[in-house]
Number of protein chains: 2
Amino acid sequence: MEKRTAYNGQVTEELVEKHVTLHGWVQKRRSLGSLIFVDLRDRSGFVQLVFNTAFSADALAVAETLRAEDVISVHGKVVKRSEATQNLNNPTGKIEVEVDGIELLNKAKTPPFDISDDVQASEETKLKYRYLDLRRPEMQRGIMMRSKMMHSIHAFFDEQGFIDIETPYLGKSTPEGARDYLVPSRVYPGSFYALPQSPQLFKQLLMSAGFDRYYQISRCFRDEDLRGDRQPEFTQIDMETTFLDEEQIQDITEGLIKKVMKDVKGLDVKTPFQRMSWHDAMANYGSDKPDTRFDMKLQDLSDLFKDSDFKVFSGAVASGGQVKAIVIKNGANEYSRKQIDQKQEYIKRFGAKGLAWMKFVDGEFNGPVAKFVTDQHNELKDKLNLVGDELVLFVADRAKVVADTLGYLRVEIAKEQNLINKEEFNFLWIVDWPLFEYDEGDEKWAAAHHPFTMPDDEGVKLLDTEPHKAHARSYDIVLNGYELGGGSIRIHDREIQEKMFKVLGFTEESAKEQFGFLLDALDFGFPPHGGLAIGLDRFAMLLAGRDNIRDVIAFPKNSKASEPMMNAPAEVSDAQLAELGIETRD
Amino acid sequence: MEKRTAYNGQVTEELVEKHVTLHGWVQKRRSLGSLIFVDLRDRSGFVQLVFNTAFSADALAVAETLRAEDVISVHGKVVKRSEATQNLNNPTGKIEVEVDGIELLNKAKTPPFDISDDVQASEETKLKYRYLDLRRPEMQRGIMMRSKMMHSIHAFFDEQGFIDIETPYLGKSTPEGARDYLVPSRVYPGSFYALPQSPQLFKQLLMSAGFDRYYQISRCFRDEDLRGDRQPEFTQIDMETTFLDEEQIQDITEGLIKKVMKDVKGLDVKTPFQRMSWHDAMANYGSDKPDTRFDMKLQDLSDLFKDSDFKVFSGAVASGGQVKAIVIKNGANEYSRKQIDQKQEYIKRFGAKGLAWMKFVDGEFNGPVAKFVTDQHNELKDKLNLVGDELVLFVADRAKVVADTLGYLRVEIAKEQNLINKEEFNFLWIVDWPLFEYDEGDEKWAAAHHPFTMPDDEGVKLLDTEPHKAHARSYDIVLNGYELGGGSIRIHDREIQEKMFKVLGFTEESAKEQFGFLLDALDFGFPPHGGLAIGLDRFAMLLAGRDNIRDVIAFPKNSKASEPMMNAPAEVSDAQLAELGIETRD
C-alpha cells in the first residue's frame, strides 16, 4: 500500500498534471465504451477515477471487477475534465484521475443498503450495520461537526482558565432524580456502584477543593423511559465556578456558545442573550423552553371571560383556572373543522377537556363557540388585534393544562404553517425559577432543579415559612424550543442545605445517610459557587439540523435502550453473576 | 461579594499601589503587635494580607476571628514589603496587601488534617476528606498538570485531523481479557450491559465507517485485583487510523508525546524514539518494559556454564534454561550477605529457586559460589568487564524466571544505588512481539496483545501450521520502566481473523456468537487500519513525578476498590433490585 498523498475530496484543479496516490471506498462504477469510471469515496468527499488501457491495462482489468464498497488504493495523474463533463456540484468535479496503478485492499460483499443519503433501510437495520450507516455523507458530517464542537469547547475553556477534571463513573446511588444504572461489586457482594446521572456533587466538591474553574465533557447515565431525544447515556458539557454570580456565569456561557457557533457554523451570534423570567415564559409561551423564532404568544382572556355566560370559560376562571388563546394569522382558511377536531383528540394527553375555537372572517366571528360569547366579540377583536382570516384557539382550564396545551399547539401550528426560520438560532435565558415544583406523579414537592440550588435572598427567608413560594438562583439556556442546559448558584451554607433537605422530606438521619459527605464538606470552608451543564447531544443535533440525537451519536441505543449491532444488553454466564454475588429473579 | 480582580498568586510587585479584591482560603493567621497577618490561598498560590486599625478597624476585628480554611473576600492596597520581611521563595513574597475591607464568605471548622504538603493523615482519612486533600499544593499541581496534558492532547489531535468520537460506556460483555463490570438492564430483566475494558472494537468499526483518524480520551473499566498503579476505572488516550503502517502510527504518537512534553514539562524530547525488539528487551533487561535510564544489562552466561561442574548452573542450561547475571558496580561494599539474603526471600514470588552471588574484590572472586566455578573465573572477569568491587548476582532457571527475577532486581538495585536520573524521560518502542503468549494460569495460549492484532507476513503463514511462533505487528511505548501504552496494526481480513479465533480456542459458533458483528463487518469493505492507546493516568503520574496514579485522579478508589468519601459501593433498596430483575445471593 503506497502512502496516500491526498484525501479524495481535496483533489481539485490545483493538482492538475500532478501524480497522486489515493485510498478509499468504491462509491460506484460505470462503463462508457472502453473507459471505466469509479467514484472513490472517503470522509472528505469523492473523486472520479478513470481507467483505460491507455493508462494501464492491468489497472483496467482490476477496475472491471470492482463493486461498491471495495477498498482500493490507486495511483494516477490528475487531469482536467472537458467542460461538458464537469460536475460543478462537487468540489472535485472539474478534474478526474487517470489511474495507472491500483491495489485492491479489501473486497466487499453487497451491503444490506446503499451508502447514500437516500437510504431506505429501517432504523433497526441501520443500527445493526451502524458502521455502514455511518459511511453516509450526512452521518459523516454530523459526527465530524460534533468533533469540531468538542474541539471548540476544549479550546474555549482552556483560554478561560478552566481545568478539565475527570470525575468517577463508578459512584454511589442516590434516590433523588431519575433511576440509576447500578453496577454490582465483586469485592463487596451485595453492594453496588451507580453510574452518575451527572457529576453535580463531584463538581461542587471540586470547588470546595479550590480548583476555582472546572469543566468536563462528561458522560451521564439515566435509566429513564426513552423518548426521541433521550438516550440511556448522554454527554454533558459540565462546568462549575467559584466566587461568581449568575450574571458572570451566564457571560461565560454566552462566550462559549458564541465561539462554538462561530467555529462550527460560521455564525456571529449576538450577546447578551435575551433574559426571560420563568413566569413570563409560562404566561406568554406556555413553556419553560419557548421557541422564540416566531411570535403567536398566549393571550390571557381570563378577565374578559370571568363573568361570561359561557360557563366553559367563566367556570374555569371561577375555579382558579384561566382562559387563554392563540391566534393563527390566515388560519381561518388553512384549518378545516376536521383538522381542528384532530387536534382536540391529541391535546387530551395534557389533561385538556377540550379546545374551543372561532374563526374571524370578514369582520365576523364564526365557529361553534362564537354565538356564546357575543358580548365579548368587540373586546376580543381589539385585544387579539384581529383583522381578518384568523383562527383563534381557546383553552379554559387549570393554568398548567392551559400552558401545556397551548404551548404545544403553538409549536405544532408554527411547524404546519412554516412560520419557523430554520436558519435562525434563538438563544434565550430563562431566569427567576421557582425553587420547588409539585410532582403530580409522586404527589409531593420536589426541587425544580436539584436539591443543591441556592434560593434567592427572599427565598432563603421563605424556607422556614412558605418554602414553595421561594424562587431559585437558577437559569436555563434555551435554543429554539429546546432546553439546551441549565445551571444555578449552589448552596454553600450548611444551614440552608439542611433546610432544603427538610422541605424535600428528608429526616435529619436520611439526609445524613445520603448526603453526609456534602454536609460535612460545607463545614470546612465551602466557597460560594455555581455552574451550568449543557446537553452536548442535543446541542449537536440542533446545529446539525437533525431531529434525533441518535444522528449525532456514533453508536446509540435504539428506542428500547438496546444496541442491535453488538447485541447489548445480553445474558451473561451464571459464573459471572455468582462472582458478583447476584442472581436473576424469575 | 465584590468581583475578584486577581488570583492571589498573581499579586506581585507590578500591582504595588493598586487596589485589589481577592478571594480565597485562610492558610494561616498570625499576630505581631497590633498587626495581623493572613496568608490567603487559592489555586494560584498565596499572598500575605495585613490587617491594622490604620487600614480598617472593622477588617481587623474580623481578622481576629479568622481560622484556617475560612473563606473570605478582601479589598486592599498592594504595598511593597521592607527588604527584611520579603519572602523570595514565593512569587508574591515581595509585597503584601493592606486590607481595608473584608467579607467573611464561609466559616470553617478545624479540618481533620493540615492543608499542607507535609500532611501526616492516613490514606483513608485523606480519601474520606478528598476535597480537603485536594487543596494541598502538590495535589493541585498534579490535577492541573493533568488538565494541561489533556488540553495539549486535544490540540495535537485536532491539528492532525483526528476526529474526537465518543463510544458507548454501556456495551456488551466479552469473555476475553479481564473481568467486566456488569450493568443490569431494567428493560430486559436478566440481561446485562458491560462497561468497556477499552473502546477497541468500536474504534475499529469507526475505521470501517470511514472516519480515517479517530481519537478519544476515554474511560475504561476493569474489575481486576488492584495494585498501586491500577484503578477500577482508568483513562486512556485512544486513537485509530486507516491506511497507515506501524511506522506512520509511531511517528504520530511521537509527535503527540513531543507536544505534551513541551507543553507540560517544557522539555524537548528527541524523536524518533529508540526501537527495541521484544526479544532484545527480554534478553537484556528481563522485561518487556525496560527502564533504560541506567545500564546494568542482563548478561547471558549459559554457554560459559553449560559444562560446568557446578550443577546449579549447568543443570539449568541442560534442562533448557539459562544462567544470567547482573553486575552491580561498587556493589561489593554496598551489600552485606544479610542484605543479599533478604532479596533471596523476595524473589521466590517469581518462582526463582535462589540467587547465586559472588563479589569481585582485589582481583579475586569470593562469596559462597566462587569456589564452585573457579574454572570460569577468568572468562567471567572478561565477559562481565569486572575491574573490582563488583557484586555479581546470578540466576539459573527457566528463561521466564531468569528474566522476571533479574529484571526485578535490576530495577530494585538501581533505585537503592541511586543510579536513576529522575529528571530523565526515556521513551522507547518495544516492537516485534510474539503474537501469542502462554497463559500459565489458564494453561492455554492467549493473544499477547488482543485477538484483533495482525500477524506479520510470516506470521500469517504460520497461523495454519505453527501459530505460536508467529510475530505480531504490534508495538508498545515504554517510559522509564512503565508500559505507557501499546498498539498494533489490526486484522482487516475475515479469513485471518477467523484463524486467530480458532487458534485462541473459539469454535466457529462461539466466535460468531461473540464477534459475529466484527466478522460481518470484515465482509463489507473493511480498510487496513491500526492504532494505539496510552494510559493517561500513568502518563500523568510519571510526568508529575508521583508513585501512585491516585495522586493524579481527582476522586480515586482506594486499594480495595471503594470510595470512602461518598461510601461507594453501597447497599441499595430491594425495590431497585427488583426493578432490575436481580437479587443478591446469600
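Residues numbered from 1 in each chain as written. Chains lettered and ligands numbered in written order. Predicted model: local features only at pLDDT ≥ 70, side-chain atom pairs only at ≥ 80, totals over all residues. Heavy atoms only, no water.

By the naming in an unreviewed UniProt entry, chain A is Aspartate--tRNA ligase, taken from Holzapfeliella floricola DSM 23037 = JCM 16512. Here chain A is described in UniProt, under the heading Subunit (unreviewed entry), as follows: "Homodimer." Note on chain A: under the UniProt heading Catalytic activity (unreviewed entry), the record states "tRNA(Asp) + L-aspartate + ATP = L-aspartyl-tRNA(Asp) + AMP + diphosphate". (UniProt positions renumbered as here; feature names shortened; annotations may be inferred.)

### Some thoughts on the overall build of chain A
Per the secondary structure count, chain A includes 18 helices and 23 strands. A buried classification covers 58% of the 586 residues belonging to chain A. At a minimum sequence separation of 6, the contacts of chain A that also span at least 24 residues come to 67%. Here chain A has roughly 24,500 Å² of accessible surface; of this, 45% comes from carbon and sulfur atoms. Computed over 75 positive and 97 negative side-chain charges, the separation of the two mean positions in chain A equals 4 Å. (Helix = DSSP H or I, 4+ residues; strand = E, 2+ residues; numbered from the N terminus. Buried < 20%, exposed > 50% of the residue type's maximum accessible area, 1.4 Å probe, protein only. Contact = heavy atoms within 4.5 Å. Areas by Shrake-Rupley, 256 points an atom, 1.4 Å probe, with all protein chains shown as cover. Lys, Arg positive; Asp, Glu negative; His and termini not counted. Charge placed at Lys NZ, Arg CZ, Asp CG, Glu CD.)

### A short note on the pairing of strand β4 (residues 71-80) of chain B
All names here are of chain B. With seven of 10 residues buried, β4 is to be regarded as a mostly interior element. Pairing geometry for strand β1 (residues 19-32) and β4, over seven bridges, is antiparallel. Residue pairing across strands places Gly24 opposite Ile72, the latter belonging to β4. (Pairing = 2+ DSSP bridges.)

### Some details on the interface of chain B and chain A
Each partner contributes residues to the interface: chain B has 123 residues there, and chain A has 123 residues. At the boundary of chain B with chain A, total buried surface from both sides reaches about 10,900 Å², with 60% on carbon and sulfur atoms. Run the count over chain B and chain A and you get 16 salt bridges. Arg146 of chain A is the salt-bridge partner of Glu166 of chain B, the closest N and O atoms lying 2.5 Å from each other. If you look at where chain B meets chain A, you find 70 residue pairs in polar contact (both at pLDDT 80 or more). Per-element tally for the side of chain B that touches chain A: the top contributor is helix α4 (residues 137-159) of chain B, with nine residues. In the side of chain B that touches chain A, the residues fall into 63 nonpolar, 28 polar and 32 charged. Pairing geometry for strand β23 (residues 582-584) of chain A and strand β23 (residues 582-584) of chain B, over three bridges, is antiparallel. When the bridges of β23 of chain B are listed, Glu583 of chain A appears paired with Glu583 of chain B. (Buried area = accessible area lost by both parts, 1.4 Å probe. Salt bridge = Lys/Arg side-chain N within 4 Å of Asp/Glu carboxyl O. Polar contact = N/O pair within 3.5 Å; in protein donor to acceptor, adjacent residues only side chain to side chain. Nonpolar A, V, L, I, M, F, W, Y, C, P; charged D, E, K, R; others polar.)

### Things to note about the domain arrangement of chain A
When cut into domains, chain A gives domain 1 (8-106), domain 2 (141-166 + 197-271 + 427-546) and domain 3 (294-416). One C-alpha centre belongs to domain 2 of chain A, the other to domain 3 of chain A; they are set 36 Å apart. (Domains from an automatic or database assignment.)

### Focus: the sheet that holds strand β14 (residues 356-361) of chain B
Residue and element names in this part refer to chain B. Spatially, β12-β13-β16-β14-β15 is the arrangement adopted by the five strands of the open sheet, whose pairing is antiparallel. In the strand order of this sheet, the two ends are held by β12 (299-300) and β15 (364-366), each with one partner. Examined bridge by bridge, β12 and strand β13 (residues 322-328) share two bridges and lie antiparallel to one another. Bridged to Gln299 within β13 is Ala325. The strands touched by helix α9 (residues 311-318) within the sheet are β13, β14 and β16 (390-397), with β16 carrying the most contacts at an inclination of about 45°. (Axes fitted to C-alpha atoms, helices over the stretch in contact; angles between N-to-C directions.)

### Thoughts on the UniProt feature "binding site: ATP" (unreviewed entry) in chain A
Residue and element names in this part refer to chain A. In this numbering, the UniProt entry assigns the feature "binding site: ATP" (unreviewed entry) to Arg222, Asp223, Glu224, Gln231, Glu483, Gly535, Leu536, Asp537 and Arg538. Structurally, Leu536 can be placed in helix α17 (residues 536-544). As for its placement among the helices and strands, Asp537 is situated in helix α17. Residues contacting Asp537, with those up to four places away along its chain left out, are Arg146, Phe234, Thr235, Ile549, Val552 and Ile553. Here the side chain of Asp537 touches Arg146 through a polar contact of 2.9 Å, side chain to side chain.

### Observations concerning the environment of Ile95 of chain A
Residues and elements named next belong to chain A. Note on placement: Ile95 falls in strand β5 (residues 95-106). Judged by its relative accessible area of 0%, Ile95 is buried. Considering only alpha carbons, one finds Ile95 and Phe156, 61 residues apart in sequence, at a separation of 39 Å.

### Describing helix α15 (residues 494-503) of chain B
All names here are of chain B. Taken as a whole, α15 has its buried residues at Ile496, Gln497, Met500 and Phe501. Each buried residue of α15 lies within a common arc of 140° when the element is viewed along its axis, so the set occupies one face. For α15, exposure combined with an orientation more than 90 degrees from the buried face picks out Glu495 and Lys502. Elements in contact with the buried residues of α15: β18 (436-439), α14 (457-462) and α16 (508-522). Between the side-chain oxygen of the N-cap and the backbone nitrogen of Glu495 there are 2.9 Å, and the N-cap of α15 in question is Asp493. Gly505 sits one or two residues past α15 and shows a positive phi near 95°. (Arc of directions from axis to C-beta.)

### Some thoughts on the pattern of salt bridges
Applying the stated criterion to the full structure yields 96 salt bridges over all chains. Two residues, Glu138 of chain A and Arg136 of chain A, come together in a salt bridge whose shortest N-O distance is 3.1 Å. Arg136 of chain A gets classed as buried once you look at its relative accessible area, which sits at 2%. Glu579 of chain B serves as the salt-bridge partner of Arg179 of chain A, at 2.9 Å between the closest nitrogen and oxygen. Here Arg179 of chain A, found in the loop between β6 (163-164) and β7 (182-184), pairs with Glu579 of chain B, found in helix α18 (residues 574-580), and the two come from separate chains. What you see here is one network of salt bridges that share partners, running through Asp117, Arg130, Asp133, Arg136, Glu138, Arg141, Arg546 and Asp551 of chain A.

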